[in-house]
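Analysis of the macromolecular model
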Amino acid sequence: MIETSGLRKSYRSGRRGRSTTVDAVAGLDLHVAEGEIFGLLGPNGAGKTTTLRMLATLLPPDGGEATVAGADLLTRPAEVRRSIGYVAQGGGTWDEVTAREELVLQARMHGLPKAEAQARAAAAVDSFDLAEYADRPCRGYSGGQRRRVDLALGVVHRPAVLFLDEPTSGLDPAARARLWAEVRRLRDAGTTVFLTTHYLDEADALCDRIAIVDGGTLVAEGTPAELKRSIAGEVVTVGVAEPHLAPEAAEVLTAQECVRAAEVRADGALRLSVDTGESAMPQIMRALAGAGIATATIALHRPTLDDVFLARTGRSLEES
Ligand SMILES: Nc1ncnc2c1ncn2[C@@H]1O[C@H](COP(=O)(O)OP(=O)(O)OP(=O)(O)O)[C@@H](O)[C@H]1O
């Protein structure tokens with residue numbers, strides 16, 4: 001449904017002579033299948049919004065190719081625009097207008113006659129459960145209510161592809177869960193959803209497939225489960241009884257075949273990447289005992305997407 005190849009965008013800023021160039025998107029290849037929720041995950045400044053705005057025809061790429069819903073982004077942008085909905089970061093509701101009026105206006109902007117636009121607005125009020133406040137000005141809405149209206153506005157013309165930029169940013173847990181349910185409902189009805197997020201849990205729980213980006217380039221792409229299994233392996237943490245021996249313990253363990261990588265964390269514990277935790281744990285204990293290093297604690301963790309990011313970039317996404 002969306003294909004990109006070598007997609008690029010740079011920004012120049014500063015005065016003449018002292019201008020700097022930021023390669024916001026530095027050659028991105030993405031494949032998004034029809035009917036999936038696809039997430040672009042990355043830290044601040046990774047190039048997520050720039051990518052989304054290019055795919056939504058709001059920003060011209062500097063290079064590369066892309067098709068969206070079967071139309072070439074560069075040569076047939078008007079056709080792309082007819083197939084997509086776009087919800088910007090922070091949304092697009094006006095304080096003085098009601099949600100219903102916004103929905104009618106949006107539908108009319110997509111070329112629907114008045115009666116049809118009103119019918120679409122009424123259907124959206126129903127399906128997004130907006131009736132309680134849809135006829136009040138948007139100014140009084142909660143953050144979660146506004147985001148639901150934003151979603152409804154994004155799909156009132158029934159696009160094949162919906163772009164969402166940081167859809168749950170700033171929402172409380174209950175409002176986030178509600179928005180996730182709405183996004184899943186749209187996907188189940190056949191809409192392809194392309195969203196950006198810097199929340200690991202959102203990428204993991206909501207997205208069918210994700211692309212992790214950093215510095216404008218692709219770090220990894222796949223289903224969250226695949227990425228965690230294939231890239232991060234499993235993680236064993238070990239606390240040694242005498243913390244000053246942690247560096248020596250890391251050296252001993254790095255030499256073990258079952259250990260892919262060992263690092264000493266800031267809290268003095270060892271963090272080990274292994275293929276299979278269950279079989280690695282007895283070997284780890286034996287190796288440490290053999291080196292005369294006593295173990296205080298040992299625990300097996302299921303890998304997270306942050307472990308994937310760490311394995312690929314050497315940094316934690318949560319600290320980026
Ligand atoms: N209009 C602009 N002029 C100059 N630099 C820009 C402009 N817009 C973005 N950038 C830079 O391009 C890079 C990518 O920005 P972008 O907004 O695409 O990242 P992002 O992953 O969406 O970040 P965030 O999560 O903070 O929204 C950043 O280094 C940013 O500072």
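Read on for a plain summary of the structure. Note that this is a predicted model, so its numbers are computed, not measured.

Section: the packing of helix α3 (residues 99-109) against helix α4 (residues 114-127)
Where α3 contacts α4, the axes come no closer than 8 Å and their chain directions differ by 130°. When the axes of α3 and α4 are compared, the pair comes out oblique. When you trace α3 past α4, the crossing you get is right-handed. Where α3 abuts α4, its residues R100, L103, V104, A107 and R108 lie against K114, A117, Q118, R120, A121, A124 and V125. Of the residues that constitute the contact of α3 with α4, the class distribution is seven nonpolar, one polar and four charged.

Description of the sheet that holds strand β4 (residues 63-68)
With antiparallel pairing, the four strands of this open sheet are ordered in space as β2-β1-β4-β5. Unpaired on one side and paired on the other, β2 (20-32) and β5 (71-72) mark the two borders of the sheet. Where strand β1 (residues 2-13) lies against β2, ten bridges are found, and the strand directions are antiparallel. When the sheet's bridge partners are listed, R8 is paired in β2 with A26. With respect to the sheet, helix α1 (residues 48-55) is in contact with β1, β2 and β4, its orientation differing from that of β1 by roughly 120°.

So, the sheet that holds strand β14 (residues 295-301)
Each strand in a sheet pairs with its neighbour through backbone hydrogen bonds, running either in the same direction (parallel) or in the opposite one (antiparallel). The four strands lie next to each other as β12-β13-β11-β14, forming an open sheet whose pairing is antiparallel. Single-partner strands in this sheet number two, and they are β12 (259-264) and β14. Direction aside, neighbouring strands of the sheet carry axes that sit 20° apart on average. The sheet contact formed by strand β11 (residues 234-240) and strand β13 (residues 270-274) spans five bridges and is antiparallel. Note that in β13 the partner of T237 across the bridge is R271.

Topic: unusual backbone geometry
A positive phi angle, close to 70°, is found at T57, a residue other than glycine. In this structure, T57 sits in the loop between α1 and β4. Non-glycine residue A69 carries a positive phi angle of around 50°.

Observations concerning the environment of S273
The residue S273 is located in strand β13 in this model. For S273, a count of 20 C-beta atoms within 10 Å gives the class buried.

Comments concerning the nonpolar core
Counting 70 residues, the largest nonpolar core has L55, L103, A152, F163, V193, F194 and I212 as its most contacted members. Excluding residues that lie within four positions of it along the chain, L55 makes contacts with I2, A66, V68, L73, F163 and F194. Core analysis: the next-biggest nonpolar cluster, separate from the first, contains 15 residues, V235, A246, A249 and A280 among them.

Describing the site of the ligand
Around the ligand sit 13 residues in total, of which Y11, A24, K48, T49 and T50 are the nearest. Contributions of two or more residues to the shell around the ligand are made by β1, β2 and α1. Top contributing element to the shell around the ligand by residue count: α1, with three residues. Looking at the shell around the ligand residue by residue, the class counts come to four nonpolar, eight polar and one charged.

Some words on the pairing of strand β9 (residues 209-214)
Taking burial as the measure, the six residues of β9 include five buried ones, the bulk of the element. Where strand β3 (residues 37-41) meets β9, four bridges bridge the pair, whose relative direction is parallel. Bridge pairing links L41 to I212 in β9. In terms of strand pairing, β9 meets strand β10 (residues 217-222) through five bridges, oriented antiparallel. When the bridges of β10 are listed, V213 appears paired with L218. The antiparallel hairpin formed by β9 and β10 contains two residues in its connecting segment, where G215 sits at a positive phi of about 55°.

Reading the values: rules and limits
Residues numbered from 1 in each chain as written. Predicted model: local features only at pLDDT ≥ 70, side-chain atom pairs only at ≥ 80, totals over all residues. Axes fitted to C-alpha atoms, helices over the stretch in contact; angles between N-to-C directions. Helix = DSSP H or I, 4+ residues; strand = E, 2+ residues; numbered from the N terminus. Parallel < 35°, antiparallel > 145°, perpendicular 65-115°, else oblique. Left-handed = near helix turned anticlockwise from the far one by under 90°. Contact = placed C-beta atoms within 7 Å. Nonpolar A, V, L, I, M, F, W, Y, C, P; charged D, E, K, R; others polar. Pairing = 2+ DSSP bridges. Buried ≥ 20, exposed ≤ 12 C-beta atoms within 10 Å, placed from the backbone. Core = buried A, V, L, I, M, F, W, Y, C linked by C-beta atoms within 7 Å. Near = placed C-beta within 6 Å.

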